[in-house]
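Residue strings, one per chain:
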Amino acid sequence: ALGGSNWASKGNWASSRNECEWEGITCTELSVDDITLDTISSSSTRKRELRQINQQVITSIDLHNSNLVGSIPNEIQGMPNLKELRLFQNQLIGDLPSGLFTLHQLEKLYLDDNDLHGFLPEELGDLMNLQDISLHGNQFSGPLPKSIGKLQRLTRFWANGMFLSGQLPDEIGDMTSLRALYIEENQLVSTLPYEMGNLEQLQDLRIYGNVITGNIPSSFKKLVNLEVFYMDSCQLSGGLTDFVVRSWVKMRDFQAFGNNFNGDIPSGFEDLPNIEVINLANNRFGGRIPQHIGKSGKLLSLNLRSNRLTGTIPSSLAMSTDILSIILSENDINKDGSSGISGQIPEFMGDLQKLKILKLHQNRLQGEIPENLTGMTDLGHFTTHDNFLQGKVPNGFCDA
């Protein structure tokens, strides 16, 4: 079965040795207290005998990257004590067998990087002890079942890069232990459920590459543990609410480029003490860049390209001495002067010695290029065309 003759890991399999000695199998000693006694004699003698018995049961199967082929056999239901099933990086095909969803002790399920397909059934919610599930790299399609709300012990749900479709169910907000939700690059067409604000343990949220419309709900202010937010290349609109952004005090990496956000960039970004990456490129933001956006001193990358921003380059960026990339280009989006970053290229830019990328083209900058920028030895990409700069190009750039 499953192409056993060609398995990469098959030590002792199908041999006369105990199954607990087969490669990839882990067993646990189950005491008599854990054994179901429904069919056992109630005689006192029999009970005394049972107290001396311990039973070895299979609790883990790890056959990842073992060249398994074919479908997962329904007979897997015969292992009711299974807690971990690791079958990722094989050549498994077909639907998930119904027997899989009878394994109510299952805590970890890793089936990623196979060729499994079909819908995720409502019975998925029967695995209520599940803590970690990884399904990405398969061909699963259809909607997320509403029953996922029953997975209240689940800490990570990894189902990106497939063909999941339909709306995000409101019940997703019942997965209150969730710390990581990866459902990016599917075919979801949905708004963000208000109930997602109940995921107060969530640290990493990735939904990019789907058709997600509407606003970010005000309930997201409760996601105070959020560190990574990837919601780029969707169709989100409206403004980013300042009090919501300000509540994300643990945020490190915020990427929402390629949407339809408008209004001002929230000043709440100024008060995020751990922020390292802000990418709001290709939206419709207007107004000035928040003046204290760099005050945390931890900013590594700022990308505000292709918006409708005005005003000057914030002096607070001087505090981000480890910054690697600043991209503020193409804010004179229509090339008609109705928007665009103005003023001069600030002298402090030359002090950002780790900067590798500085893109300022297609704005309304004036004055001269500061001479001290020539000392930025790591600077590999520097663009200033389509501005109103004057004077000579500093000699150091010519020498390079």
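This text follows the structure it describes.
Here we summarise the structure given alongside this text. Just so it is clear, the structure is predicted and the values come from calculations on it, not from any experiment.

1. Brief notes about the overall build of the chain
Scanning the chain from N- to C-terminus turns up 3 helices and 29 strands. A total of 400 residues make up the chain; the buried ones form 46% of that total. For the chain, the share of sequence-separated contacts (at least 6 apart) that also reach a separation of at least 24 residues comes to 53%. Summing over all exposed atoms, the chain offers an accessible surface of approximately 18,200 Å²; the carbon and sulfur share of this is 45%.

2. So, the sheet that holds strand β5 (residues 91-94)
Note: strands within a sheet are paired through backbone hydrogen bonds, in either parallel or antiparallel orientation. The sheet built from 11 strands is open, its strands ordered β3-β5-β7-β9-β11-β13-β15-β17-β19-β21-β23 with parallel pairing. Lying at the two open borders of the sheet, with one neighbouring strand each, are β3 (69-70) and β23 (308-310). Bridge count between strand β13 (residues 187-191) and strand β15 (residues 211-214): 3 bridges; the pairing is parallel. The partner of V189 across the bridge, within β15, is V211.

3. Section: the side chain of S316
Mapped onto the elements of the fold, S316 is located in the loop between β23 and β24 (325-327). A distance of 3.0 Å separates a polar side-chain atom of S316 from the backbone nitrogen of G294. The residues touching S316, leaving out its near neighbours within four places in the chain, are Q291, H292, I293, G294 and K295.

4. Here's the deal with the sheet that holds strand β29 (residues 388-389)
Taking strand neighbours across the sheet as the criterion, the 3 strands line up as β25-β27-β29 in an open arrangement whose pairing is parallel. With partners counted over all chains shown, the strands left at the sheet margins are β25 (342-344) and β29, one partner each. Pairing geometry for β25 and strand β27 (residues 364-367), over 3 bridges, is parallel. Its bridge partner being in β27, S342 is matched across the sheet by R364.

5. Quick look at the packing of aromatic side chains
Per the counting criterion, the structure on display carries 8 aromatic pairs. Judged by centre distance (6.1 Å) and plane angle (25 degrees), the ring pair of F261 and F285 falls under stacked. Note that F261 is positioned in strand β19 (residues 260-264) and F285 in strand β21 (residues 284-288), a separation of 24 residues in sequence. Taking the relative accessible area as the measure of exposure, F285 reaches 0% and is therefore buried. Connected via pairs of aromatic rings, a cluster forms that spans F229, W248, F254 and F269.

6. Details of unusual backbone geometry
One non-glycine residue, Q89, adopts positive backbone phi at about 60 degrees. Within the secondary structure, Q89 is located in the loop between β4 (84-86) and β5. Here D386, not a glycine, exhibits a phi torsion of approximately 60 degrees, which is positive. If you trace the backbone, D386 turns up in the loop between β28 (381-383) and β29.

7. Quick notes on the pattern of salt bridges
As enumerated under the stated definition, the model contains 10 salt bridges in all. Among the salt bridges present, the one from K150 reaches D126, with a minimum N-O distance of 3.3 Å. Linking K150 in the loop between β9 (139-142) and β10 (156-158) with D126 in the loop between β7 (115-119) and β8 (132-134), this pair joins segments that are 24 residues apart in sequence. The exposure class assigned to K150 is partly exposed, which follows from its relative accessible area of 37%. Among the residues examined, D126 registers a relative accessible area of 27% and is labelled partly exposed. Between R156 and D132 there is a salt bridge, with its nearest N and O atoms 2.9 Å apart. A residue pair is termed long-range when its members are at least 10 positions apart, and R156 in strand β10 and D132 in strand β8 qualify at 24 residues. Via salt bridges that share partners, D242, R246, D271 and K295 belong to a single interconnected network.

Criteria and cut-off values
- Residues numbered from 1 in each chain as written.
- Predicted model: local features only at pLDDT ≥ 70, side-chain atom pairs only at ≥ 80, totals over all residues.
- Heavy atoms only, no water.
- Helix = DSSP H or I, 4+ residues; strand = E, 2+ residues; numbered from the N terminus.
- Buried < 20%, exposed > 50% of the residue type's maximum accessible area, 1.4 Å probe, protein only.
- Contact = heavy atoms within 4.5 Å.
- Areas by Shrake-Rupley, 256 points an atom, 1.4 Å probe, with all protein chains shown as cover.
- Pairing = 2+ DSSP bridges.
- Polar contact = N/O pair within 3.5 Å; in protein donor to acceptor, adjacent residues only side chain to side chain.
- Phe/Tyr/Trp six-rings, centres within 6.5 Å; stacked < 30°, edge-to-face > 60°.
- Salt bridge = Lys/Arg side-chain N within 4 Å of Asp/Glu carboxyl O.

Scope: geometric values only; no functional claims are made or implied.
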